[in-house]
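# Structure assessment
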Amino acid sequence: MNSAQGALFGVLALCGAGWGLTVPLNKIAVSTGYGHFGLIFWQLVIGAAFLSLIIRLRGKSLAITWPQAAFCVVIALTGTVLPNAASYYAAARLPAGVMALVIALVPMFAFPVALLMRNEPFAMLRMFGLLFGAAAVALLIGPAASLPDPAMALFIPIALIAPFFYGIEGNVVAKLGTRGLDPIQLLCAASWIGALIALPLALGSGQFIDPRPPWGAPDRALMATALIHATVYSAYVWLVSRAGAVFAAQVAYLVTGFGIAWSITLLGERYSGYIWAALALLFAGLFLVQPRKDAEKS
């Protein structure tokens, strides 16, 4: 592995560790009954405010054109509003470890979309890597011992909505770029626009969260999630532009590993041997997928 590849894998690992931490934090955020649209609204507002400050400190502008705004609407819907609505809903009903495992399906959705959009060439080695990931998820979801309650399986299709949209979003960025915005500007604008979309949904559904103190563990978890998401997502957008959507989507495997580790540490969750066998398959799949050659030269 050369230095360029090493840098890409380093960013990938940092993204995985950060997003993995949001898995148990999401579980804590929904623990007292907060609704998904209320959580999404405040996640976006907190993240957007944080990124706006960073942009100002860098001496850059927050102004965007109408075409850029339209692109940000797509990013807001596919990258946050729709997948997070499904994730928060499912997180209230599934163990955090299972949610971490479902994220591993992002590459399985991203790969066929990448082929259809001609973002990535077909490569048998990559296909085997993605098949390793699919086998790992099947191993975890299939056996009866994997879920504490078999009825929980009904909510797994809802959880799958998130990786589906993440796979689409990564390919959109890889195909269209960032429309002249740097990753932080893009995420900031998309977050403000997403908040405008989420606010009427939160109010109309009765899920709006009163931001006034006292703040409990769910509120602190929401704030931490928003700040982590804003930071890691900016790095992820950069990674997609440098290494391609399919390689960047492998962050899902690291999110799975770190998500399980964080869930054990913070929530005290315990898992069967199926999970550890699946993790071995997940990481085997990760290392079968290499960055694009043009990314190494850039």
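Parameters at a glance
- Residues numbered from 1 in each chain as written.
- Predicted model: local features only at pLDDT ≥ 70, side-chain atom pairs only at ≥ 80, totals over all residues.
- Heavy atoms only, no water.
- Axes fitted to C-alpha atoms, helices over the stretch in contact; angles between N-to-C directions.
- Helix = DSSP H or I, 4+ residues; strand = E, 2+ residues; numbered from the N terminus.
- Parallel < 35°, antiparallel > 145°, perpendicular 65-115°, else oblique.
- Left-handed = near helix turned anticlockwise from the far one by under 90°.
- Contact = heavy atoms within 4.5 Å.
- Nonpolar A, V, L, I, M, F, W, Y, C, P; charged D, E, K, R; others polar.
- Core = buried A, V, L, I, M, F, W, Y, C linked by side-chain atoms within 4.5 Å.
- Buried < 20%, exposed > 50% of the residue type's maximum accessible area, 1.4 Å probe, protein only.
- Phe/Tyr/Trp six-rings, centres within 6.5 Å; stacked < 30°, edge-to-face > 60°.
- Lys NZ or Arg CZ within 6 Å of the ring centre and 35° of its normal.

Contact pair helix α5 (residues 106-116) / helix α8 (residues 161-176): the axes reach a minimum separation of 8 Å and the direction vectors enclose 40 degrees. Taken together, the axes of α5 and α8 are oblique relative to one another. Crossing of α5 against α8: the hand is right-handed. Each of V106, F109, A110, V113 and A114 in α5 lies in contact with α8, whose residues at this interface are P163, F164, Y166, G167 and N171. Within the contact of α5 with α8, the residues separate by chemical class into eight nonpolar, two polar and no charged.

Attention shifts here to the nonpolar core. W19, L94 and L239 are the most contacted members of the largest nonpolar core, which has 93 residues in total. The element that contributes the greatest number of residues to this core is helix α10 (residues 217-243), accounting for eleven residues.

Cis geometry is adopted by the peptide bond preceding P214, which originates at P213 and carries an omega value of 10 degrees. Looking at where P214 falls in the secondary structure, it is placed in the loop between α9 (183-204) and α10. Of note in this structure, R118 is not a glycine but carries a positive phi near 60 degrees. Secondary-structure assignment places R118 in the loop between α5 and α6 (124-141). Positioned with a positive phi, R179 is a non-glycine residue whose angle comes to about 55 degrees. Looking at where R179 falls in the secondary structure, it is placed in the loop between α8 and α9.

Attention shifts here to the packing of helix α1 (residues 3-29) against helix α12 (residues 251-267). Each pair of packed helices can be described by the angle between their axes along with the distance between the axes. Where α1 contacts α12, the two axes come as close as 7 Å, and the packing angle between them is 45 degrees. It follows from the interaxial angle that α1 and α12 lie oblique. α12 is crossed by α1, and the crossing has right-handed handedness. Where α1 abuts α12, its residues L12, A13, C15, G16, A17, W19, G20, L21, V23, P24, K27 and I28 lie against V251, L254, V255, F258, G259, W262, S263, L266 and L267. Its residues assigned to classes, the contact of α1 with α12 shows 16 nonpolar, four polar and one charged.

This part takes up the side chain of S87. Looking at the element boundaries, S87 is found in helix α3 (residues 66-91). Apart from the residues lying within four places of it in its own chain, the contact partners of S87 are M99 and A162.

This paragraph deals with the packing of aromatic side chains. Counted under the stated rule, the structure contains seven aromatic pairs. Both rings, one in W19 and one in Y236, keep their centres 5.3 Å apart while their planes meet at 65 degrees; by these two values the pair is edge-to-face. In this pair, W19 is assigned in helix α1 and Y236 in helix α10, connecting sequence segments 217 residues apart. Of the two residues, W19 and Y236, both sit in the buried class. Summarising the aromatic geometry, the rings of W42 and F208 are spaced 5.8 Å apart at their centres and angled 50 degrees between planes, so their arrangement reads as tilted. Here the residue W42 occupies a position in helix α2 (residues 36-57), and F208 occupies one in the loop between α9 and α10, the gap between them amounting to 166 residues. Among the aromatic side chains, those forming a connected cluster through ring pairs are F41, W42 and F208. The ring of F71 carries the charged tip of R179 above its face, separated from the ring centre by 5.7 Å.

Geometry only, nothing functional implied.
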